[in-house]
Amino acid sequence: MTDIRIGHGFDVHAIEEGLPMWLGGVRIESYTGFVAHSDGDVAIHALADALLGALALGDIGKHFPDTSDEWKGADSKIILAKVMDLVREAGYSVSNADITIALQRPKLAPYIQPMRETLAPILGVTPDRVSVKATTTEHLGYVGRGEGCEVWASVLIFK
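Residues numbered from 1 in each chain as written. Predicted model: local features only at pLDDT ≥ 70, side-chain atom pairs only at ≥ 80, totals over all residues. Heavy atoms only, no water.

S.K.: Explain the pairing of strand β7 (residues 148-158) to me, and be specific about the residues and the numbers.
M.R.: Successive side chains on a regular strand alternate, one facing one side of the sheet and the next facing the other. Pairing between strand β1 (residues 4-17) and β7: eleven bridges, direction antiparallel. Counterpart to Ala 14 in the pairing with β7 is Gly 148. As paired strands, strand β5 (residues 93-102) and β7 are joined by nine bridges and run antiparallel to one another. Across the sheet, the residue bridging to Ser 93 is Phe 158, located in β7. (Pairing = 2+ DSSP bridges. Helix = DSSP H or I, 4+ residues; strand = E, 2+ residues; numbered from the N terminus.)

Structural data, given as structure tokens:
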């Protein structure tokens with residue numbers, strides 16, 4: 001029998017002018033970006049939490065604390081690769097990932113495929129196994145006011 005596990009991750013970051021915006025490992029053209037200890041890639045952070053959750057290994061803060069100089073300004077793709085090392089060490093592989101990004105602006109449609117193509121090799125899958133969806137909150141709440149970004153991620157892993 002195959003051992004199958006599901007993980008769910010969630011992350012949120014505030015938005016400020018003058019910072020770079022990284023989502024799904026891709027630089028987004030914007031005059032605003034995410035406030036964070038690392039590069040602030042909220043999509044990768046949610047995905048990493050989903051993977052860690054599937055293995056019951058805690059959350060991203062446990063493994064990559066925002067109090068550590070080692071992770072200050074870190075490329076989140078490196079964080080995701082290290083999480084994938086844990087997944088592989090436990091004997092698991094990724095079946096698929098599903099990511100939903102809630103961001104009022106900028107529009108993310110041109111970046112969806114590049115995100116899928118960036119994340120897939122890190123996860124050890126083909127891009128058709130990585131779903132990235134973008135939505136707005138119709139100007140409601142802190143996301144709608146352009147103050148923050150929320151991301152939900154789900155993964156299925158198997159042994």
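Continuing now.
S.K.: Pulling in residues and values, what's your account of the packing of aromatic side chains?
M.R.: Scanning all chains against the criterion turns up two aromatic pairs. Ring geometry for Phe 10 versus Trp 152: centroids 5.6 Å apart, planes at 45°, classification tilted. Of the two residues, Phe 10 is situated in strand β1 and Trp 152 in strand β7; the sequence distance between them amounts to 142 residues. The exposure class of Phe 10 is partly exposed, given its relative accessible area of 37%. For Trp 152, a relative accessible area of 31% corresponds to the partly exposed category. (Phe/Tyr/Trp six-rings, centres within 6.5 Å; stacked < 30°, edge-to-face > 60°. Buried < 20%, exposed > 50% of the residue type's maximum accessible area, 1.4 Å probe, protein only.)

S.K.: Give a description of helix α1 (residues 42-54) that names residues and reports values.
M.R.: Here α1 spans 18 Å end to end across 13 residues, near enough to the 18 Å set by a 1.5 Å rise per residue. Burial of α1 is extensive: twelve of the 13 residues sit out of reach of the surface. Turning to α1, its buried residues number three or more, namely Val 42, Ala 43, Ile 44, His 45, Ala 46, Leu 47, Ala 48, Asp 49, Ala 50, Leu 51, Leu 52 and Ala 54. A positive phi of about 55° marks Ala 56, the residue just after α1. (Expected span 1.5 Å × (residues − 1).)

S.K.: How would you sum up helix α3 (residues 76-89)? Please name residues and give values.
M.R.: The end-to-end C-alpha separation of α3 is 20 Å, in line with the 20 Å expected for 14 residues at 1.5 Å each. Those residues of α3 not exposed but buried are Ser 76, Ile 79, Leu 80, Val 83, Met 84 and Val 87. Angularly, the buried residues of α3 cover 140° about the axis, an arc narrow enough to put them on a single face. If you follow the buried residues of α3, they end up packed against α1, α2 (60-63), β5 and α4 (112-123). (Arc of directions from axis to C-beta. Contact = heavy atoms within 4.5 Å.)

S.K.: Go over the layout of surface pockets with me, naming the residues and quoting the values.
M.R.: Volume-wise, the largest pocket comes out at about 230 Å³. Ser 38, His 45, Ile 60, Phe 64 and Asp 66 are the residues nearest the centre of the largest pocket, which is lined by 13 residues in total. Contributions of two or more residues to the lining of the largest pocket are made by β1 and α2. In the lining of the largest pocket, the residues fall into six nonpolar, five polar and two charged. (1 Å grid on protein atoms, 1.4 Å probe; cavity = no way out; pocket = protein on both sides within 12 Å on 5 of 7 lines; lining within 4 Å. Points joined across faces, edges and corners; volume = space filled by probe spheres on them. Nonpolar A, V, L, I, M, F, W, Y, C, P; charged D, E, K, R; others polar.)

S.K.: Outline the nonpolar core, supporting the account with residue identities and numerical values.
M.R.: Leu 23, Leu 47, Leu 51, Ile 99, Ile 101, Leu 103 and Leu 123 are the most contacted members of the largest nonpolar core, which totals 48 residues. Elements that contribute at least two residues to this core include exactly β2 (21-23), β3 (26-28), α1, α3, β5, α4, β6 (130-135) and β7. With ten residues, the top contributor of residues to this core is α1. In contact with Leu 123, other than residues within four places in its own chain, are Leu 47, Leu 51, Leu 80, Met 84, Arg 88, Val 94, Ala 97 and Val 130. (Core = buried A, V, L, I, M, F, W, Y, C linked by side-chain atoms within 4.5 Å.)

S.K.: Before we move on, could you go through the environment of Asp 128 and cite the residues and values that matter?
M.R.: Positionally, Asp 128 belongs in the loop between α4 and β6. Asp 128 gets classed as exposed once you look at its relative accessible area, which sits at 62%. Note: C-alpha distance between Asp 128 and Glu 117 (eleven residues apart in sequence) is 8.9 Å.

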